[in-house]
Structures are given as structure tokens and as C-alpha cells.
Amino acid sequence: MNNYKQISLKERTLIEYLLNIQNKSVSFIAKELNRNRSTIYREIKRNKAAIIYKTKDSQFTRDINNTLSHQNKISKYNEFLRFLYVNFNPKSFSIDVCVFKAKELGIKTPTTQTVYNWIKNKQIKIKSKDLLRPRFWWKKSSKYKHYLWEISKMNSIPITYRPKNINQRKDIGHFEIDLIVSSGNSSKAIMTLVERVTRKGFAIKLENKTMKHTNEKLKELIGKENLNIKSITKDNGMEFNLLHEVTQELNVPLYTCNTYASCEKGTNENFNGLIRRYLPKKTNFTNLKDDNIIEILNEINKMPRKILNYKSAQEFYETFG
């Protein structure tokens, strides 16, 4: 039992793919993941909503349970945390020294690794950057690379599998999408599309938030601005549930953020915040004209923006103007 490792997000993605799309048995999935059959069976049984197993729902439940579990554990060490906050100094009184000294004083003390886990998960006031030698928790490479091609053919790919060149903003043409909704009972909204490297934004008004209308307006915006789309990243909003139909026409991948993690498309969230300076949250979009949106976009896109790569920016503006 001490050697047991919790099921990871990538493993849950594979379970969803093998179970729902490939219709594989629990035994087959357990063998592929090198897990005990009972482990996979319990995972599916506990997290199966309605008739299908969903990775994002299962992972969300697991994160909530872990957070509650850690909070309960941390509460047992309040005396140690007081000692830690008073005495911690990265140069002379490190985490390891604090644990050692607290133990000598008879204070109930967690292991050093547990304290580092708290720091990693941002559960205490001390941050990784506060350490003398900041720790970096690198993600391990996937053991299931032979499935990545199959996963890439799914309607929407979990953001966990988004390539490094997109995450590190090394390639032009990767966009993030979102909606800004009107106030009151109005069904109007503004769709925003932001390029990750240059942060240049595009927008179009929606008459309603239905999936079909959202797709129609996205295609209109892409054609109007002559955008060279290489990928789109979305959140879990219901209005984007059929967005894969557009990306399949464009023959580009569609990535989806984790549940309740819209911060994973922070470029678009920041852009929406700039638009909200002109259209605060109580604004009704019923009388909003396309010319008003264009004026706002021109003002925002003229702002000094953080561009990581000059050549990429030059390439972008030569392409899109």
C-alpha cells in the first residue's frame, strides 16, 4: 500500500479514451496502464457520471478531495507552522533545519518532504521562490506515447497534451477563445479570439450564445480577418461544445482547459479584462454596434504589449497587419 500512486490526469484521459471510444474492457485498460484491475474498476465506478466516464469530472473530484485531505493534515501542525513562519530564513534556517529544530523542541512535526509538498501545492505562506534554491517540479514524460496520436484525433484534446511550442509561445497562429456576456436578461455576447504570441485580439458580436450561432460567428470572424489558425484553446463553456466542428473543417487541433481552470487560457482572460475597461460588467450589449467593438479593439491593440519574440511579432504583423 505504501507504494501506491494515485491515478494521474493522463491516465484518466486514457481511461476515458479506451472506455468510451474504443469500448475496451476494464481488464484491458488495467493491463495497458499497468494497474490492478480493482483500481481501474473503482476509479470508473466512483467517477462515472450518468452512463459515461469523464476525465475532467473525475480529476476535479480528486483535486477537491486532495485539498480537503491536505487541509485536515495541515490543521494538525498549527504549532509547527507558527514555529516555521517565525524562524524560516532561506540563508540560515532552511525548511530542513526548521523541521529538525521543531522536533528537538518536542513540537509535532511533519516530514521535510511533506512541507515541500505544501509549498509545491501553495498550501502555506512560504512559496517556492522564497527558498534559497527554488525547486522546480518538472512534469514527467508520458509513459503512454503510443496513445498520443489516437488522443490527438479526439474532438477536443485536454490542455495537458498541448505541445511545448504552444505553451512557450514559440509559434504564431495559436489562439484562445472566450465570450464576454451582456448584463441583464440579454442573450447578446462578444466573442474574443486572441493570438498567444503577440496578444493581438479580435472580436465579434453574437446575437445569442447557442452552439450553432457561436460556430457561425467564429467562421465569419476568421474569414473577415483572414486568420491563419493553427490551434484554438477553449474553456468548458457549453457554447463551445460544438467548436470541434469548426476546427475539424480547418484541420487544426482544439484544446480544452481543465474544469474551473480558465486561467489556463490567461492571454484571453487578460484581453477580456481590457475590454471590460470600456464595457463594464453591468453593460447591456443590445445597442452595441460593430463600429463600437472595432474602436475598442483598435485602442487595445495599440497598447504596448509584452511580445516575447521580435521575429515572431514581425511575422505576425506581416501576415495579419
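Going by the structure above, here's the rest.
Presented here is a report on the structure given in the accompanying data block. (Residues numbered from 1 in each chain as written. Predicted model: local features only at pLDDT ≥ 70, side-chain atom pairs only at ≥ 80, totals over all residues. Heavy atoms only, no water.)

The next thing to look at is the overall build of the chain. Tallying secondary structure elements over the chain gives 14 helices and 8 strands in all. Each of the 321 residues in the chain was classed as buried or not, and the buried ones make up 43%. A fraction of 61% describes how many contacts in the chain between residues 6 or more apart in sequence connect residues 24 or more apart. Put simply, the chain shows about 19100 Å² of open surface, and 49% of that area lies on carbon and sulfur atoms. (Helix = DSSP H or I, 4+ residues; strand = E, 2+ residues; numbered from the N terminus. Buried < 20%, exposed > 50% of the residue type's maximum accessible area, 1.4 Å probe, protein only. Contact = heavy atoms within 4.5 Å. Areas by Shrake-Rupley, 256 points an atom, 1.4 Å probe, with all protein chains shown as cover.)

Of note, Asn34 is a non-glycine position whose phi angle comes to about 55°, a positive value. Positionally, Asn34 belongs in the loop between helix H2 (26–32) and helix H3 (37–47). The exposure class of Asn34 is exposed, given its relative accessible area of 70%. Here the phi dihedral of Asn251 falls at roughly 60°; this positive angle occurs in a residue that is not glycine.

This part is about the pattern of salt bridges. For the structure shown, the criterion picks out 10 salt bridges. In this structure, Glu43 engages Arg12 in a salt bridge whose closest nitrogen and oxygen atoms are separated by 2.9 Å. Here the residue Glu43 occupies a position in helix H3, and Arg12 occupies one in helix H1 (residues 9–21), the gap between them amounting to 31 residues. Owing to a relative accessible area of 5%, Arg12 belongs among the buried residues under this scheme. Linking Lys230 and Asp171 is a salt bridge whose minimum nitrogen-to-oxygen distance equals 3.1 Å. (Salt bridge = Lys/Arg side-chain N within 4 Å of Asp/Glu carboxyl O.)

The geometry of two aromatic rings is summed up by the distance between their centres and the angle between their planes. With the rule as written, the count across this model stands at 2 aromatic pairs. When the ring of Tyr77 is compared with that of Trp118, the centres are 5.9 Å apart and the planes differ by 50°; the resulting orientation is tilted. Pair noted here: Tyr77 is in the loop between helix H4 (55–74) and helix H5 (78–87) and Trp118 is in helix H7 (residues 112–120), with a separation of 41 residues, a long-range link. The exposure class of Tyr77 is buried, given its relative accessible area of 17%. The class for Trp118 is buried, based on a relative accessible area of 2%. Plain terms: the ring middles of Phe175 and Phe202 are 6.3 Å apart, the flat faces sit at 50° to each other, and that makes the pair tilted. (Phe/Tyr/Trp six-rings, centres within 6.5 Å; stacked < 30°, edge-to-face > 60°.)

For the rest of this paragraph, the subject is the nonpolar core. Counting residues in each nonpolar core, the largest one holds 20 residues, and the members touching the most others are Ile177, Leu193, Leu218 and Ile229. Elements represented by at least two residues in this core include exactly strand E4 (174–181), strand E5 (189–195), strand E6 (201–206) and helix H10 (211–225). With 19 residues, the next largest nonpolar core counts Tyr77, Phe88, Trp118 and Ile124 among its residues. (Core = buried A, V, L, I, M, F, W, Y, C linked by side-chain atoms within 4.5 Å.)

Within the secondary structure, Asn215 sits in helix H10. Those residues in contact with Asn215, other than ones at most four positions away along the chain, are Leu242, Leu243, Glu245 and Val246.

It is worth spelling out the side chain of Thr192 at this point. Mapped onto the fold, Thr192 is located in strand E5. Judged by relative accessible area, which is 0%, Thr192 ranks as buried. Here the side chain of Thr192 touches Asn268 through a polar contact of 3.3 Å, side chain to side chain. With near-sequence residues (within four places) excluded, Thr192 lies in contact with Glu176, Ile177, Asp178, Ile180, Phe202, Ala203, Asn268, Phe271, Asn272 and Ile275. (Polar contact = N/O pair within 3.5 Å; in protein donor to acceptor, adjacent residues only side chain to side chain.)

What follows deals with the pairing of E4. Extensive coverage of E4 is indicated by the burial of 7 of its 8 residues. As paired strands, E4 and strand E7 (residues 231–234) are joined by 3 bridges and run parallel to one another. Counterpart to Phe175 in the pairing with E7 is Ile232. Two strands pair when backbone bridges link them, and E4 and E5 are joined in this way by 7 bridges, in the antiparallel orientation. Counted as the bridge partner of Ile180 is Ile190 from E5. (Pairing = 2+ DSSP bridges.)

Coordinates in, geometry out; function isn't part of it.
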